[in-house]
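Structural overview for review
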Amino acid sequence: MKITKIELIPVSLPRPAPSKKINNIVVIKMHTDEGIVGIADGGEYGGGKGQHLVMEIIKSWEPMLIGANPFAKELILAKLTRFIHTNVGLSYPGCVALVDFALWDIVGKAQKQPIHMLLGGKGAEKLAVDYVISDVAIPTAKQVAATALRAVDNGCMTFCLKVGGGWGSNFAKDVENVKETRAAIGDNEDIHFCIDANGSLDYTTALEYCRRFEKYNLYKFEQPLIWWDIAGMARLRKTQPIPICAHESSVKVPFLMECIRQDACDMVGTKVVWAGGISEAVKWGHVAKAANLGVYCGSMNGPFEAAAQAQWLASDEWFGKLAHANLYPMFYYDTFDTTGRLDREDIVVKPLAYKNGYCYAPDAPGIGLELNEKALPKFITPGMSTVTIG
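Residues numbered from 1 in each chain as written. Predicted model: local features only at pLDDT ≥ 70, side-chain atom pairs only at ≥ 80, totals over all residues. Heavy atoms only, no water.

**Things to note about helix H6 (residues 141-153)**
Selection rule: In this description a helix means any DSSP run of H or I spanning at least four residues, a strand means any run of E spanning at least two, and both kinds are numbered starting from the N terminus. An expected span of 1.5 Å times one less than the residue number is assigned to each helix. Relative accessibility under 20% of the residue-type maximum defines a buried residue, over 50% an exposed one, and the middle range a partly exposed one, all with a 1.4 Å probe and only protein chains included. This arc describes the spread of directions from the helix axis toward the C-beta atoms. In this analysis, two residues are considered to be in contact whenever any of their non-hydrogen atoms come within 4.5 Å of each other.
Look at H6: 18 Å from first C-alpha to last across 13 residues, which is about the 18 Å you get at 1.5 Å a residue. For H6, the complete set of buried residues consists of Ala141, Val144, Ala145, Ala148, Ala151 and Val152. The buried residues of H6 occupy an angular sector of 115 degrees when projected down its axis, which confines them to one face. Residues of H6 that are exposed and angled more than 90 degrees away from the buried face: Lys142 and Asp153. The inward-facing, buried residues of H6 abut strand E5 (130-133), strand E6 (158-162) and helix H7 (171-185). In the segment just after H6, Gly155 is the residue with positive phi, at about 95 degrees.

Encoded structure:
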């Protein structure tokens, strides 16, 4: 089998009203001489420029991709590994992940097996959802609390409020949000109440957040400090009782190992796209598991990306211990149940399944989703067009 042609399709997926957010992604169609087509996306990129950059980078890899055997994916990815992190030339793990997903999709379709079976079987039948509440600055604290309560009422026993100056609000508003949310959901120990600063805080401010939030019995404080301050994370973990979850600090294997070496966290996080794809995530998962640390995954907001990540997460019972913010289809359809009637048009025929606070990896071959070819042209990013390689 050989790769004969690659199509890179810029797509814009609007969130439901009243949101004005648009997820700009790139859909890849990797064609082979046996008629099998690997289809994937790598989640959102920053507007048209981000999509253009991704397509141009992958276009430059034509000599390494066209004519290659997709079953030799590890040989192909070995040539692309330096693009995950390098000081020489362009470095963009999301591009490598997009190619990686398409290769895995081809192999799964050829073998008539979902990716989780290629990785050893379905170790986790269902994956708990960590429901992220990022719209915390403008709504009142009572409205934020109501959103959390709605998630819990729909089966999401883990939820996370954004805090800090990045995704969150100011300090006083963050404190008010946490106070009102705890009052709304009560003291049920089975409900995991989390906060996430996305690396936006300095050490002193993070310590003050911990001091003020200690009484609210939080399940985890995700990435309080900027990604490179692993030593600060370790110091914070030792000086206060709220469990620390590394995320931006631990997404790639070398940084994960440093978090482990410095004993900087109680659990570790990644995003399969940030890691560089499923093949890199497999290595990452082995390291985290060997360190006896629970694994958490965020997401990059694409329909195929969410399913690809679910395939990897489902492949090991270990990955089912923590809830994951692998959420995009829930937000696109504005529902906690994607298994019933859905009224919005989409680029996939049927999205990743969510119900009662859980996500279910598809059992269809490859990534397990079918591209909605009829609808796809309606979602092409305005002013952009497909890039064809080969």
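**Some points on the packing of aromatic side chains**
Heads up, the condition is: Two aromatic rings from Phe, Tyr or Trp, using only the six-membered ring of Trp, form a pair when their centres are within 6.5 Å; if the ring planes differ by under 30 degrees the pair is stacked, by over 60 it is edge-to-face, and anything between is tilted. Here, over-ring charges are defined by two tests on the NZ atom of lysine or the CZ atom of arginine: distance to the ring centre within 6 Å, and angle to the ring normal within 35 degrees.
A full pass over the atoms with the stated rule returns twelve aromatic pairs. On the basis of an interplanar angle of 40 degrees and a centroid distance of 5.8 Å, the ring pair of Tyr328 and Tyr332 is categorised as tilted. Taken together, the positions of Tyr328 and Tyr332, both in helix H14 (residues 328-333) and four residues apart, correspond to about one turn of that helix. Classification of Tyr328 by relative accessible area gives buried; the value is 1%. We classify Tyr332 as buried; its relative accessible area is 1%. Considering the side-chain rings of Tyr332 and Tyr333, the 5.1 Å spacing of their centres and the 85 degrees angle between planes classify their relative orientation as edge-to-face. An aromatic cluster is present here, built from Phe171, Tyr209, Phe213 and Tyr216 joined pairwise through their rings. Its end group placed over the ring of Trp104, Lys73 keeps NZ or CZ at 4.0 Å from the ring centre. The ring of Tyr296 is capped by Lys220, whose NZ or CZ atom sits 3.5 Å from the centre of that ring.

**Quick look at the sheet that holds strand E3 (residues 37-45)**
For clarity, the threshold we go by: Only strands joined by at least two bridges in the DSSP assignment are considered to pair. Working convention: axes come from line fits to C-alpha atoms, limited for helices to the stretch in contact. Angles between N-to-C directions cover 0 to 180 degrees.
Read from one edge of the open sheet, four strands run E3-E2-E1-E14, paired in antiparallel fashion. In the strand order of this sheet, the two ends are held by E3 and strand E14 (387-389), each with one partner. Neighbouring strand axes in the sheet, compared pairwise and without regard to direction, differ in orientation by 20 degrees on average. Pairing of strand E1 (residues 3-14) with E14, which is carried by three bridges, proceeds in the antiparallel orientation. Along E14, the bridge assignment pairs Leu8 with Val387. Relative to the sheet, helix H13 (residues 303-314) contacts E1, strand E2 (22-32) and E3, its axis offset from that of E3 by approximately 105 degrees.

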